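# Summary of structural features
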Amino acid sequence: MSEVWFTADLHVGHRLLAELRGFGSVPEHDAALAAHWDRLVGADDPVWVLGDISVGGKQAQLAALDWVSRRPGRKHLITGNHDGCHPMRSEAHRWQRIYLDTAFDSVQQSAIRKVGGTRILLSHFPFQGSGDGDHSPESRFEEWRLPATGDNAGRWLLHGHTHSRDRVRGRQIHVGLDAHGLKPVPLAWVADVLAGAAA
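An account of the accompanying structure is given in this report.

Basis of the calculations
Residues numbered from 1 in each chain as written. Predicted model: local features only at pLDDT ≥ 70, side-chain atom pairs only at ≥ 80, totals over all residues. Heavy atoms only, no water. Pairing = 2+ DSSP bridges. Helix = DSSP H or I, 4+ residues; strand = E, 2+ residues; numbered from the N terminus. Core = buried A, V, L, I, M, F, W, Y, C linked by side-chain atoms within 4.5 Å. Buried < 20%, exposed > 50% of the residue type's maximum accessible area, 1.4 Å probe, protein only. Contact = heavy atoms within 4.5 Å. Salt bridge = Lys/Arg side-chain N within 4 Å of Asp/Glu carboxyl O. Expected span 1.5 Å × (residues − 1).

This paragraph deals with the sheet that holds strand 2 (residues 46-49). Across the sheet, five strands lie side by side as 4-3-2-1-10; this open sheet has mixed pairing. Two strands bound the open sheet, and with one partner strand each, they are strand 4 (106-108) and strand 10 (185-186). Examined bridge by bridge, strand 3 (residues 74-78) and strand 4 share three bridges and lie parallel to one another. Looking across to strand 4, one finds that His76 is bridged to Ser106.

Of all hydrophobic cores here, the largest spans 25 residues; its most connected members are Leu10, Val49, Ile53, Trp67, Leu77, Tyr99 and Phe104. For this core, the secondary-structure elements that each account for two or more residues are helix 2 (26-40), strand 2, helix 3 (58-69) and helix 4 (92-102). With four residues, the single largest contributor to this core is helix 3. Look past the residues within four positions of Leu77 in its chain and what remains in contact with it is Val49, Gly51, Ile53, Asp83, Cys85, Tyr99, Phe104, Ser106, Val107 and Gln108. One finds Trp48, Leu50, Leu158 and Val175 within the second-largest nonpolar core, a separate group that totals 18 residues.

Our next topic: the pattern of salt bridges. Where side chains of opposite charge bring their charged atoms close, a pairing between them can arise. Tallying each qualifying case throughout the model produces seven salt bridges. Of the charged contacts in the structure, one is a salt bridge between Glu19 and Arg15, with a shortest N-O distance of 3.1 Å. Here Glu19 and its partner Arg15 are both found in helix 1 (residues 15-20), four residues apart, which amounts to about one turn of the helix. Overall, the relative accessible area of 45% leaves Glu19 in the partly exposed class. With a relative accessible area of 54%, Arg15 lands in the exposed category. The salt bridge partner of Asp101 is Arg97, with a shortest N-O separation of 3.2 Å. Placement of the pair is Asp101 and Arg97 together in helix 4, with a separation of four residues, close to one helical turn. Of the residues examined, Asp101 reaches a relative accessible area of 57% and is grouped as exposed.

With that settled, consider the pairing of strand 6 (residues 118-123). Inspection of the sheet shows strand 5 (residues 110-115) paired to strand 6 by six bridges, in the antiparallel sense. Note on strand 6: the bridge partner recorded for Ala111 is Leu122. As consecutive antiparallel partners, strand 5 and strand 6 are separated by two residues, and within that stretch Gly116 has a phi angle of approximately 55°, a positive value. Strand direction decides the pairing type here: strand 6 and strand 7 (residues 156-159), joined by three bridges, are parallel. Note on strand 7: the bridge partner recorded for Ile120 is Trp156.

Now for helix 3. Its twelve residues place the ends of helix 3 16 Å apart at the C-alpha level, agreeing with the 16 Å of an ideal helix rising 1.5 Å per residue. Where the residues of helix 3 are buried, they touch helix 2, strand 3 and helix 4.

The following block contains the structure:
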């Protein structure tokens, strides 16, 4: 039986992130991420990558897509601000085809998944107006964040983007690598968070 995985903020090939994560070089960083992924994820496991596979730029994205394509699993991308296929990018329509042809079974801005009967939102970004929902002093990309009001009121959100070590803030669950020892997060962990909140 396959496991479902979630992750975000791979930043393959990103020198600054490699340094911030304690690695002496980009190849060392990328190899460590690959080792974690390859050890955990099975060939048929769905993997939801919640954005930012690289630092951006044509060559960096192509190299990161090649890296992702060599990892096991059936990969789905929720686009992040560093991904050329995010709709904030003027060439998103061109990059989406490249992402689909190279590494991903699906590419979308956001999604809904069911976890133990609970419908949860998937986005690269935390909710709109979530305060400390960024890794910079200002809360950026508000226009691309899902609102926590209306149809989304009371819903849970899985996200990346913040590079925080905090895993859960209110109804927001951070699945980025920096909060999980640089490893993908299994669906069972998310289900445990939801069950603990309901208890």
